[in-house]
2 protein chains.
Amino acid sequence: MRVTDRTRLRRLPAEGSYRTEDLHAVLDAGFVCHLGLVIDGWPMVVPTTYGRAGDYLFLHGSVASRSLRAAATPTPVCVTVTHVDGVVLARSLFNHSINYRCAMVYGLPTVLSDPEEKLAGLRAISDQVVAGQWGYARAPSTKELAATTVLRLGLAESSVKVSAGPPDDAGDPDGELDVWAGEIPLRTVRLDPLADPALRAGIELPAHLAGGDPVPGSMRPGDLA
Amino acid sequence: MRVTDRTRLRRLPAEGSYRTEDLHAVLDAGFVCHLGLVIDGWPMVVPTTYGRAGDYLFLHGSVASRSLRAAATPTPVCVTVTHVDGVVLARSLFNHSINYRCAMVYGLPTVLSDPEEKLAGLRAISDQVVAGQWGYARAPSTKELAATTVLRLGLAESSVKVSAGPPDDAGDPDGELDVWAGEIPLRTVRLDPLADPALRAGIELPAHLAGGDPVPGSMRPGDLA
């Protein structure tokens, strides 16, 4: 990663990182990003799924989508992935904060046109959102593939910020206050798969959904400490 | 809410809404948004906490923060709040989707300068992130208040999208495939508050953190069905 004027961490730089392994860890722990782009001078921020493979992020959408069409110009984008890990309660309201992991990726996405490249990008997204569905559910048809825009975004201009741990005001004069301080941890939990009420009888839940860890960043209720 | 060229829902409009109560419901079910703005022609998307009070969103940050300084010009912003409720597994990869609730708010934020207005904005944020902390933790000092930028954003130009339920391809030819279809529901869970290891002895967890529903959008592990 190179540090640019856009990715230089100005606030609390001790929490920041430009290490590739930290970036990959934050990106791989989720599957929904917020895609930012500029349309007619206005920012637009839309949630969308993504997949990481190597040093690239892949995004997709309908060829009719406004954000994807704009991003296909090509237009500068900022892709932000955020995991909220807890609320930090300090002795003072001023020192309240959030524990989080956040990655920001800037760049000019490439619109993929080669069908094999598009399929590889879609597979990266599918594998990230629910591992095991690619090769199990019906593959995209030629027509479906043509109706899908797939964007590839390099990770060269990225930054990561991580905030964790308790509040840091115990040593301040505020540490003498009779105020409880600590953290409320937050976790994403995946419940048991719910079958489509219209599912035909006799179709069993496949093994990749019954066990393992199909959705990144999520735990099963039984995993909660 | 008025419908503008920016907020007109183009894709799957059946899922969209411009009703104020739907907008409030989505905004009130969370406390972290993604703030989008344009800096030197590039989009920038940063996660930050927010609070809603009446027909306004309030955001805050350090007066030194790059995004807040830019937003204070005033600059056009897009604030997006997204709740991911589940992963929808269809018979075809093409019909896979996410169940979510998303609100987007466009506007030119006002930078508050009156200390009473700033305090009211900060209270809206505090009340939203963890109800009960305002009036319990130490209030902002004059100096802290001066070091904090508080933005107010009207909700007039907003839109909401909600996607819920099972995949809708059971009636397609794909419905005949031997492929399981349904949803993996996702929930945000709050664990028991973790005391700061440096907390002075004898300080009890206050009632507003021990019971009730302090963090919007989160459930206790025991609430999981």
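Residues numbered from 1 in each chain as written. Chains lettered and ligands numbered in written order. Predicted model: local features only at pLDDT ≥ 70, side-chain atom pairs only at ≥ 80, totals over all residues. Heavy atoms only, no water.

## Some details on the overall build of chain A
Regarding its fold elements, chain A presents 5 helices and 12 strands. By principal-axis analysis of the C-alpha atoms, chain A measures approximately 65 × 50 × 30 Å. In chain A, buried positions account for 53% of the 225 residues. Partitioning the contacts of chain A with sequence separation of at least 6, the portion at a separation of at least 24 is 74%. For chain A, the accessible area works out to roughly 9,500 Å², and carbon and sulfur atoms hold 54% of it. In chain A, 21 positive and 26 negative side-chain charges are present, and the distance between their average locations comes to 8 Å. (Helix = DSSP H or I, 4+ residues; strand = E, 2+ residues; numbered from the N terminus. Buried < 20%, exposed > 50% of the residue type's maximum accessible area, 1.4 Å probe, protein only. Contact = heavy atoms within 4.5 Å. Areas by Shrake-Rupley, 256 points an atom, 1.4 Å probe, with all protein chains shown as cover. Lys, Arg positive; Asp, Glu negative; His and termini not counted. Charge placed at Lys NZ, Arg CZ, Asp CG, Glu CD.)

## Topic: the packing of aromatic side chains
All names here are of chain A. Throughout the structure, instances matching the rule amount to 4 aromatic pairs over all chains. Measuring from centroid to centroid gives 6.5 Å for Tyr56 and Phe58, while their planes differ by 50 degrees, and the two rings are tilted. Under the relative-accessibility criterion, Phe58 is labelled buried at 9%. The residue whose ring lies beneath Arg152 is Tyr56, and the NZ or CZ to ring-centre distance is 5.0 Å. (Phe/Tyr/Trp six-rings, centres within 6.5 Å; stacked < 30°, edge-to-face > 60°. Lys NZ or Arg CZ within 6 Å of the ring centre and 35° of its normal.)

## Here we look at the relation of the copies chain B and chain A
Taken as rigid bodies, chain B and chain A are interconverted by a rotation of 180 degrees and an axial shift of 0.0 Å, the fit giving an RMSD of 0.0 Å. Taken together, these values place the two copies in the relation of a two-fold axis. Nearest to the rotation axis, the C-alpha of B:Thr188 is located 2.3 Å from it, this being the minimum over chain B. The residues that chain B uses at the interface reappear at the interface of chain A in 100% of cases, marking a shared surface. (Least-squares fit on C-alpha atoms with pLDDT ≥ 70 in both.)

## Looking at the pairing of strand 4 (residues 56-62) of chain A
Residues and elements named next belong to chain A. Across the 7 residues of strand 4, 5 count as buried, placing the element largely inside the fold. Inspection of the sheet shows strand 3 (residues 42-53) paired to strand 4 by 4 bridges, in the antiparallel sense. Its bridge partner lying in strand 4, Tyr50 is registered against Leu59. With antiparallel pairing between neighbouring strands as the criterion, strand 3 and strand 4 make up a hairpin whose turn holds 2 residues, including Gly54 at a positive phi of roughly 60 degrees. Note that strand 4 and strand 8 (residues 148-154) share 7 bridges and pair antiparallel. Bridge pairing links Ser62 to Thr148 in strand 8. (Pairing = 2+ DSSP bridges.)

## Digging into the interface of chain B and chain A
On the side of chain A, 94 residues touch chain B, which itself brings 94 residues to the contact. Each partner contributes to the roughly 7,900 Å² buried at the junction of chain B and chain A, and carbon and sulfur atoms together form 69% of this total. Among the residues of chain B in contact with chain A, B:Trp42, B:Leu93 and B:Trp180 are the three that bury the most area, contributing 11% of the side total. The tally of links between chain B and chain A comes to 6 salt bridges. Where A:Arg200 meets B:Asp178, a salt bridge forms, and the shortest distance between an N and an O atom there is 2.8 Å. Listed by contribution, the elements that provide at least two residues to the side of chain B that touches chain A are strand 2 (32-39), strand 3 (42-53), strand 5 (77-89), strand 6 (97-107), helix 3 (115-129), strand 10 (182-190) and strand 11 (194-195) of chain B. If you tally residues by element for the side of chain B that touches chain A, the top one is strand 10 of chain B, at 9 residues. (Buried area = accessible area lost by both parts, 1.4 Å probe. Salt bridge = Lys/Arg side-chain N within 4 Å of Asp/Glu carboxyl O.)

## Section: the pattern of salt bridges
If you walk through the whole model with that rule in mind, you get 26 salt bridges over all chains. For the salt bridge of A:Arg19 with A:Glu21, the shortest nitrogen-to-oxygen distance reads 2.8 Å. In this structure, B:Arg91 and B:Asp169 form a salt bridge, with 2.8 Å as the shortest nitrogen-oxygen distance. Here the residue B:Arg91 occupies a position in the loop between strand 5 and strand 6, and B:Asp169 occupies one in the loop between strand 9 (157-163) and strand 10, the gap between them amounting to 78 residues. Relative accessible area serves as the criterion here: at 0%, B:Asp169 is assigned to the buried category. Through salt bridges with shared partners, a single ionic network connects A:Arg19, A:Glu21 and A:Asp22.

## Some details on the environment of A:Leu177
Tracing the chain through its elements places A:Leu177 in the loop between strand 9 (157-163) and strand 10 (182-190). Judged by relative accessible area, A:Leu177 falls into the partly exposed class, the value being 29%. Separated by 85 residues in sequence, A:Leu177 and A:Ser92 place their C-alpha atoms 9.1 Å apart. Beyond its immediate chain neighbours, meaning those up to four positions away, A:Leu177 contacts A:Arg91, B:Arg138, B:Arg200 and B:Ile203.

## Description of unusual backbone geometry
Unusually for a residue other than glycine, A:Asp40 sits at a positive phi of about 55 degrees. Mapped onto the fold, A:Asp40 is located in the loop between strand 2 (32-39) and strand 3.

## Notes on the nonpolar core
Counting residues in hydrophobic clusters, the biggest one holds 108 residues, and the most contacted among them are A:Val79, A:Val87, B:Val79 and B:Val87. Among all residues touching A:Val79, those that are not within four sequence positions of it are A:Cys33, A:His34, A:Leu35, A:Leu57, A:Leu59, A:Ala103, A:Met104, A:Val105 and A:Leu153. In this structure, A:Val189, A:Leu191, A:Leu224 and B:Val189 belong to the second largest nonpolar core, which totals 6 residues. (Core = buried A, V, L, I, M, F, W, Y, C linked by side-chain atoms within 4.5 Å.)

## Some points on the state of the cysteines
Note: disulfide means a covalent bond formed between the sulfur atoms of two cysteine side chains. Residue and element names in this part refer to chain A. Taken as a whole and assessed by the stated rule, the structure comprises 0 disulfides over all chains. Cys33 carries a free sulfur, and the closest cysteine sulfur to it, the one in Cys78, is 9.9 Å from it. Of the residues examined, Cys33 reaches a relative accessible area of 0% and is grouped as buried. Unpaired in terms of disulfides, Cys102 finds its nearest cysteine sulfur in Cys78, a separation of 8.4 Å. (Disulfide = S-S within 2.5 Å.)

## Regarding helix 3 of chain B
Since the α-helix turns once every 3.6 residues, residues separated by three or four places project in the same direction. Taking 1.5 Å per residue as the helical rise, helix 3 of chain B with its 15 residues ought to reach 21 Å, and the 21 Å between its terminal C-alpha atoms agrees with that figure. At the N-terminal boundary of helix 3 of chain B, the capping side chain belongs to B:Asp114, with an oxygen 3.1 Å from the backbone nitrogen of B:Glu116. (Expected span 1.5 Å × (residues − 1). Polar contact = N/O pair within 3.5 Å; in protein donor to acceptor, adjacent residues only side chain to side chain.)

## Quick word on the confidence of the model for chain A
All names here are of chain A. In this model, chain A carries a mean pLDDT of 92, and residues with pLDDT of at least 70 account for 94%. Per-element averaging of pLDDT across chain A places helix 2 (residues 66-71) at the bottom with 69 and helix 3 (residues 115-129) at the top with 98. Here the complex is predicted with pTM 0.94, and the ipTM for its interfaces comes to 0.94. (pLDDT = per-residue confidence, 0-100.)

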